[in-house]
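# Coordinates in review
Each chain, written out:
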Amino acid sequence: MTNAVGGGPGSLLGDLGHRLHLSAAAIGATWNAALLFSLGIVALAVLALQRPRRPLLDAYLVALGVSFLVNDTPVDVAGYGGLAALGLWLFARGEEGAGRLQ
């Protein structure tokens with residue numbers, strides 16, 4: 001990334017285009033990669049639309065958004081990111097319920 005930024009806007013856009021190409025190729029490489037990516041994106045979208053959302057989950061979703069931009073492994077980011085987001089949501093929900101019992 002530092003070389004792309006140092007080369008100016010044209011270099012940066014070229015690198016982003018190359019990363020998008022690599023990402024699309026990774027998603028379409030196999031049917032199970034496409035399935036994992038799709039399930040991860042659906043899970044992230046559903047969790048992002050839940051109200052009220054906890055600040056921990058908001059921060060995690062922002063971090064995943066940045067990770068999508070800088071990584072060329074969208075299948076891993078979406079799949080494992082969606083699974084981890086589900087765990088964070090369950091944890092936050094459990095903490096909220098525990099607070100109501102006290």
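Right above here is the structure, for reference.
So, here's what we can say about the structure.

Rules and cut-offs
- Residues numbered from 1 in each chain as written.
- Predicted model: local features only at pLDDT ≥ 70, side-chain atom pairs only at ≥ 80, totals over all residues.
- Heavy atoms only, no water.
- Core = buried A, V, L, I, M, F, W, Y, C linked by side-chain atoms within 4.5 Å.
- Buried < 20%, exposed > 50% of the residue type's maximum accessible area, 1.4 Å probe, protein only.
- Helix = DSSP H or I, 4+ residues; strand = E, 2+ residues; numbered from the N terminus.
- Contact = heavy atoms within 4.5 Å.
- Expected span 1.5 Å × (residues − 1).
- Arc of directions from axis to C-beta.
- Polar contact = N/O pair within 3.5 Å; in protein donor to acceptor, adjacent residues only side chain to side chain.

### Some words on the nonpolar core
General note: in soluble globular proteins, nonpolar side chains tend to be found buried as a group. Counting seven residues, the largest nonpolar core consists of Leu44, Leu47, Leu57, Leu61, Leu64, Val77 and Ala85. Counting only elements with at least two residues in this core, the list comes to helix H3 (31-49), helix H4 (55-70) and helix H5 (74-101). When residues of this core are assigned to their parent elements, the largest contribution, three residues, is made by H4. In contact with Leu57, not counting residues within four places along its chain, are Leu47, Ala85, Leu88 and Trp89.

### Let's talk about H3
Here H3 is 19 residues long and its end C-alpha atoms lie 27 Å apart, about the 27 Å a rise of 1.5 Å per residue gives. Within H3, burial applies to Ala33, Phe37, Gly40, Leu44 and Leu47. Taken around the axis of H3, the buried residues stretch over an arc of 105°, which confines them to a single face. Of the exposed residues in H3, those oriented more than 90 degrees away from the buried face are Trp31, Leu39, Val42 and Leu49.

### Quick word on unusual backbone geometry
Residue Pro52 is bonded to the preceding Arg51 through a cis peptide linkage, with omega at -10°. Along the polypeptide, Pro52 turns up in the loop between H3 and H4.

### A few points about the environment of Thr30
Residue placement: Thr30 occurs in the loop between helix H2 (9-27) and H3. The exposure class of Thr30 is partly exposed, given its relative accessible area of 39%. Within the local environment of Thr30, its side chain forms a polar contact with the side chain of Asn32, the two groups lying 2.5 Å apart. A distance of 3.2 Å separates the side chain of Thr30 from the backbone nitrogen of Ala33, its partner in a polar contact.

### Quick word on the side chain of Ser67
Along the chain, Ser67 falls in helix H4. For Ser67, the side chain forms a polar contact with the side chain of Asn71, separated by 2.6 Å.

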